Amino acid sequence: MDHRVYADNAATTKLSERALQAMMPCLTTIFGNASSIYTEGAASRKIIDKARETFAQCLGVKNPNEIYFLSGGSEADNFAIKGAAELMLKKGKKHIISTRFEHHAVLHTLEYLEKHGFEVTLLDVHENGIVRPEEFEAAIREDTGLATIMFANNEIGTIQPIKELASIAKKHGVLFHTDAVQAVGTIPVNIEDLGVDMLSLSAHKFHGPKGVGAIYIKKGIRLPNLIHGGAQERGYRAGTENIAGIAGAAEALKESCEVMQERNARLERLRDKLIDSLLKIERSRINGDRIHRLPGNVNMCFEGVEGEAMLLCLDLQGVAASSGSACTSGSLDPSHVLLAIGLPHEIAHGSVRLTFSTETTEEDIDHIISVLPPIIKRLRDMSPLWEKIVNG
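Residues numbered from 1 in each chain as written. Predicted model: local features only at pLDDT ≥ 70, side-chain atom pairs only at ≥ 80, totals over all residues. Heavy atoms only, no water.

Draft legend 1. Just the overall build of the protein, in detail. Check the secondary structure of the protein and you find 13 helices and twelve strands. Relative to the 2.2 N^0.38 estimate, which gives 21 Å for 392 residues, the radius of gyration of the protein is 22 Å and therefore close to what a compact globule would have. For the protein, the spread of C-alpha atoms along the three principal axes comes to 70 × 55 × 30 Å. Per-residue burial for the protein yields a buried fraction of 57% across its 392 residues. Taking all contacts inside the protein whose residues are at least 6 apart in sequence as the whole, residues at least 24 apart take part in 73%. Working note: accessible area of the protein is about 17,200 Å², and carbon and sulfur atoms make up 52% of it. Side-chain charges in the protein split into 43 positive and 51 negative, and the spacing between the mean points of these groups amounts to 4 Å. (Helix = DSSP H or I, 4+ residues; strand = E, 2+ residues; numbered from the N terminus. Rg over C-alpha atoms; globule rule 2.2 N^0.38 Å. Buried < 20%, exposed > 50% of the residue type's maximum accessible area, 1.4 Å probe, protein only. Contact = heavy atoms within 4.5 Å. Areas by Shrake-Rupley, 256 points an atom, 1.4 Å probe, with all protein chains shown as cover. Lys, Arg positive; Asp, Glu negative; His and termini not counted. Charge placed at Lys NZ, Arg CZ, Asp CG, Glu CD.)

Have a look at this one:
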């Protein structure tokens, strides 16, 4: 295959050259334990402190000590939600609000808490994939202690009104956490302006290394320790720090923020070009709001087509894509996100998610446009379901 297109950047991104170069000294010459007081340890500590300052600057956080490093988005979500739940218990509150289309790192954590006596309300996200603030406020009860609502959906790319939702939560004395894994490094995120209490992110979504992420925790909120042991991350997360990963993550975030405006203008144009072209296919639909969505996200359904077969055919034609979250790609069930926006099972099964990055070119988009329609036609020609659809 002469032309290979990587179109699954929502699952993970390629490590940037700048991030790699920032990591290399930490894998060779700067190897000291950051908790040690001698010179080698101090060199490692300096890298962590600088990275924390970089994260704070990029995310609009005045106090770098409100940024804590850990292994990624799933750990950050678990830490925020379970920790906040423990704080809630001390105040006699056992009600949590979230949405039906959160990442499973959130949904499965909430299921765990339900088994331990908490009550969870999952808000509808409607056909456009966006939470309605008035419905969020109506769901708040006297015993509501936490709301956790994602910044941008990992499958359909819809962006939520986080600032407005956080303001409502604050008015009612409810802690507000957002899973911003798909947003940070992709669109502007200013934490001070948003007014959230906690925010999760993961480096491998913005061309940083895998296995490193961070969480913002507003000063004054003291969650229970995540891992007991040493005093790393101010006691929250014991264990010798992943210096190389932290250095790479900081450089990747800095680079992403530097190129964001120019990159996003280009990606929005490429995204819309692809959507407009694919919507010409009979019985196709775009999933989620067309305006309030990530610049590099295209999620579409094609009736009469099995998503898995479509992905395999795309791969043979040089396109790496997905039908939803990489964390559930082994599942044969339709996406819970697509069901949450009201799609019936038979249509949700025929979905494809194409997500782009800095490296995506016009040639990549043209290649997808050239290979995907024939794939859909060929699969429909073999499908008894499609025959039933066209015959009414």
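On we go from here.
Draft legend 2. Layout of the nonpolar core. If you look at the biggest cluster of nonpolar residues, it comprises 66 residues, and the most contacted ones within it are F55, L59, F136 and F176. Of all the elements, helix α8 (residues 243–278) adds the most residues to this core, at eight residues. Setting aside residues no more than four positions away along its own chain, F136 makes contact with I97, L123, A147, I149, L165, I168, A169 and F176. Within the second largest apolar cluster, 29 residues are counted, among which are V305, A321, I376 and L379. (Core = buried A, V, L, I, M, F, W, Y, C linked by side-chain atoms within 4.5 Å.)

Draft legend 3. Looking closely at a nonpolar patch on the surface. There is a patch of nonpolar side chains on the surface, built from L15, L20, M24 and L27 and spanning about 310 Å² of accessible area. L27 gets classed as exposed once you look at its relative accessible area, which sits at 55%. (Patch = residues over 30% accessible without salt bridge, like charges linked within 9 Å, V, L, I, M, F, W, Y side chains within 5 Å. Salt bridge = Lys/Arg side-chain N within 4 Å of Asp/Glu carboxyl O.)

Draft legend 4. The side chain of N9, seen in detail. Within the secondary structure layout, N9 lies in the loop between β1 (5–6) and α1 (17–27). Those residues in contact with N9 that sit more than four places away from it in its chain are T355, F356, S357 and T360.

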